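A structural walkthrough
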Amino acid sequence: MAEAEPRLMRLPLAGVRILSVEQYGAGPYGTMLLAQLGAEVIKIETPGAGDTARSVGPHFLREKESLFFQTFNLNKRSLTLDIDCAEGRAVLHRLAAGAHAVANNLRGDLPERLGLTYARLAVANPAIVCAHLSAYGRDNSRATWPGYDYLMQAEAGYLSMTGEPDGPPVRFGLSMVDFMTGSMMCVGLLAALLDAAKTGAGRDVDVDLLSTALHQTSYPATWYLNEGDVTGRAPRSAHPSVVPSQLFRARDGWLFVMAQMPKFWLRLIGTMGCAEMAEDPRFASPKARLANRQVLTELLEARFQTATVAEWVDRLAGAVPVAPVYDLAGALDNPFLAETAMIDTVAHVDRADLRVLANPIRLDGDRLPARAAPLLGGDTDAVLAEAGFDTAEIAALRAGGVL
């Protein structure tokens with residue numbers, strides 16, 4: 001019997017063309033999601049230099065081809081174009097005429113200067129969607145301020161809620177505000193594209209790092225805004241109001257247990273052999289457990305230390321929400337990732353088996369396809385030719401330093 005042909009994935013954004021003037025992390029992360037969902041994302045980079053992420057070490061495939069850059073630019077094409085000159089902006093207008101959206105993650109005052117707004121590009125394409133991701137927005141007193149993820153974590157209160165109560169302010173170990181804001185940009189861009197398809201009219205879509213960071217303070221923000229309740233740090237990275245929901249030390253390491261619901265509390269103490277705690281007035285209700293968090297932690301931890309992390313995870317798995325605390329190596333070497341296909345391999349000209357994280361989105365049960373990030377300017381001639389530029393025009397642009 002002949003072997004079945006591999007099933008081709010039908011990608012929902014196939015046929016959507018997005019130009020992106022982007023660099024570093026937040027914008028590229030967002031447009032990579034769109035690219036893996038099937039959009040043709042054409043990354044517009046500064047001639048010669050390219051995205052600053054290309055030069056972020058310590059690991060490189062070649063000069064200006066960093067592993068950091070690969071992280072945020074899978075499935076894209078690269079076009080070098082100087083849009084800070086009249087000739088480059090004229091090329092941009094011709095490209096925008098055949099595109100569905102233009103995205104950028106520039107400083108708030110730059111999109112207007114560089115002609116990336118809807119008001120400037122609607123002449124070329126009335127249906128164009130212009131998505132802007134900036135640090136603080138484009139229409140306020142901070143529009144000219146540069147900004148980065150860690151600054152947003154600081155100003156939005158994250159550092160005051162992370163870490164141990166008696167320690168210094170602590171940020172996330174990763175640039176999560178960048179990634180959240182890139183994702184928010186995708187949502188706004190896609191919503192605007194749906195509207196443009198119905199009405200024929202595009203628009204500007206704005207997101208900024210600080211607004212996104214503040215939005216993600218979620219229920220502690222609602223508590224403060226309505227009750228003046230300032231959520232601070234709790235020992236053991238604990239939940240502010242649910243107990244036990246925190247770190248515990250086992251015989252050989254740490255695990256995180258989250259008895260968020262009454263049934264999980266009862267299962268936890270039943271599995272641990274201390275079901276009598278359910279009748280102890282200090283622990284008989286959520287309010288009582290919160291008031292007696294410290295003594296409960298001590299009692300439970302004495303039992304947790306009688307076995308290893310692996311043994312406790314095995315005992316609690318599927319009954320009580322639990323996870324081992326891994327370092328990054330442990331997290332990425334976890335055998336469960338093979339079962340879920342979370343590690344992918346792409347072929348790069350400098351490394352045939354470049355390992356990358358798979359996209360968390362699945363379509364019809366399958367992970368999204370991935371290909372290596374592009375070499376700087378590797379698609380310039382092809383993209384321009386597809387837009388109607390002839391060989392002489394491309395040569396003239398290149399000779400003039402526009403490409």
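Structure: above.
Read on for an overview of the structure.

Definitions and cut-offs
Residues numbered from 1 in each chain as written. Predicted model: local features only at pLDDT ≥ 70, side-chain atom pairs only at ≥ 80, totals over all residues. Heavy atoms only, no water. Helix = DSSP H or I, 4+ residues; strand = E, 2+ residues; numbered from the N terminus. Contact = heavy atoms within 4.5 Å. Lys, Arg positive; Asp, Glu negative; His and termini not counted. Charge placed at Lys NZ, Arg CZ, Asp CG, Glu CD. Pairing = 2+ DSSP bridges. Axes fitted to C-alpha atoms, helices over the stretch in contact; angles between N-to-C directions. Salt bridge = Lys/Arg side-chain N within 4 Å of Asp/Glu carboxyl O. Buried < 20%, exposed > 50% of the residue type's maximum accessible area, 1.4 Å probe, protein only. Parallel < 35°, antiparallel > 145°, perpendicular 65-115°, else oblique. Left-handed = near helix turned anticlockwise from the far one by under 90°. Nonpolar A, V, L, I, M, F, W, Y, C, P; charged D, E, K, R; others polar. Phe/Tyr/Trp six-rings, centres within 6.5 Å; stacked < 30°, edge-to-face > 60°. Core = buried A, V, L, I, M, F, W, Y, C linked by side-chain atoms within 4.5 Å.

**Considering the overall build of the chain**
Regarding its fold elements, the chain presents 18 helices and 15 strands. Across the chain, every contact between residues at least 6 apart in sequence was considered, and the portion connecting residues at least 24 apart equals 66%. Both charge centroids of the chain, one from 37 positive and one from 46 negative side chains, sit 3 Å from each other.

**Regarding unusual backbone geometry**
The omega torsion across Gly-57 and Pro-58 is 15°, close enough to zero to call that bond cis. Within the secondary structure, Pro-58 sits in the loop between β2 (40-45) and β3 (60-62). Backbone torsion omega between Val-243 and Pro-244 reads 0°, so that peptide bond is classified as cis. Note that Pro-244 resides in the loop between α10 (218-227) and β9 (245-249).

**Focus on the sheet that holds strand β6 (residues 101-104)**
Read from one edge of the open sheet, six strands run β5-β2-β1-β6-β7-β8, paired in parallel fashion. Whereas interior strands pair on both sides, the edge strands pair on one side only; in this sheet they are β5 (77-80) and β8 (203-208). Adjacent strand axes in the sheet meet at a mean angle of 20°, parallel and antiparallel pairs treated alike.

**Regarding the pairing of strand β12 (residues 343-348)**
Two elements, β12 and strand β13 (residues 351-357), share five bridges in a ladder whose sense is antiparallel. Residue pairing for β13: Thr-345 is matched across the bridge by Arg-355. Count of turn residues in the β12/β13 antiparallel hairpin: two residues.

**Brief notes about the pattern of salt bridges**
According to the stated counting rule, one finds 22 salt bridges in the structure shown. Between Asp-206 and Arg-138 there is a salt bridge whose closest N-O contact spans 2.6 Å. On the criterion of sequence distance, the pair formed by Asp-206 in strand β8 and Arg-138 in the loop between β7 (129-134) and α6 (149-155) is long-range, its members being 68 residues apart. Note on Asp-206: relative accessible area 38%, which makes it partly exposed. Judged by its relative accessible area of 26%, Arg-138 falls in the partly exposed class. Each member of the salt-bridge network shares a partner with another, and the members are Arg-17, Glu-40, Arg-77, Asp-379 and Glu-386.

**Examining the packing of helix α1 (residues 26-36) against helix α8 (residues 176-199)**
It is the contact of α1 with α8, at a shortest axis distance of 7 Å, that shows an interaxial angle of 50°. One element, α1, and the other, α8, form an angle in the oblique class. Between α1 and α8 lies a crossing of right-handed hand. Contact residues: Ala-26, Gly-27, Tyr-29, Gly-30, Thr-31, Leu-33 and Leu-34 in α1; Asp-178, Phe-179, Gly-182, Ser-183, Met-185, Cys-186, Leu-189 and Leu-190 in α8. A per-class count over the contact of α1 with α8 returns nine nonpolar, five polar and one charged.

**Focus: the pairing of β9**
Along β9, four of the five residues are buried, which leaves the element largely enclosed by surrounding structure. In the sheet, β9 pairs with strand β10 (residues 254-258) via five bridges, with the strands oriented antiparallel. Bridge pairing in β10 links Ser-245 to Met-258. Between β9 and β10, which pair antiparallel in sequence order, lie four residues.

**Concerning the packing of aromatic side chains**
Evaluation of the coordinates by the stated rule reveals ten aromatic pairs. A ring pair is formed by Phe-68 and Phe-72, whose centres lie 5.2 Å apart and whose planes are at 65°; its orientation type is edge-to-face. Remark: Phe-72 and Phe-68 occur in helix α2 (residues 67-72); sequence separation between them is four residues, near one turn of the helix. Take Phe-68: its relative accessible area is 25%, and that puts it in the partly exposed class. On the basis of relative accessible area, Phe-72 is assigned to the buried category, the value being 7%. An angle of 35° between the planes, with centres 4.8 Å apart, marks the rings of Phe-248 and Phe-304 as tilted. In this pair, Phe-248 sits in strand β9 while Phe-304 sits in helix α13 (residues 293-304), placing the two residues 56 residues apart along the sequence. Take Phe-248 and Phe-304: they sit in the same class, and that class is buried. Connected via pairs of aromatic rings, a cluster forms that spans Tyr-24, Tyr-29, Phe-68, Phe-72, Tyr-148 and Phe-179.

**Some words on the nonpolar core**
If you look at the biggest cluster of nonpolar residues, it comprises 35 residues, and the most contacted ones within it are Ile-18, Leu-34, Ala-39, Val-129, Met-152, Leu-189 and Leu-209. Going through the elements one at a time, α1, β6, β7, α7 (158-161), α8, β8 and α9 (209-215) are the ones with two or more residues in this core. Tallying contributions element by element places α8 first for this core, with seven residues. Ignoring any residue separated from it by four or fewer positions in sequence, one finds Ala-39 in contact with Leu-13, Val-16, Ile-18 and Leu-34. Core analysis: the next-biggest nonpolar cluster, separate from the first, contains 30 residues, Val-21, Val-102, Cys-130 and Val-402 among them.

**Here's the deal with the sheet that holds β10**
Taken together, three strands build an open sheet; the order of strands is β9-β10-β11 and the sheet is antiparallel. The sheet is open, and its two borders are formed by β9 and β11 (322-324), each paired with just one other strand. Ignoring strand direction, the axes of neighbouring strands in this sheet form an average angle of 20°.

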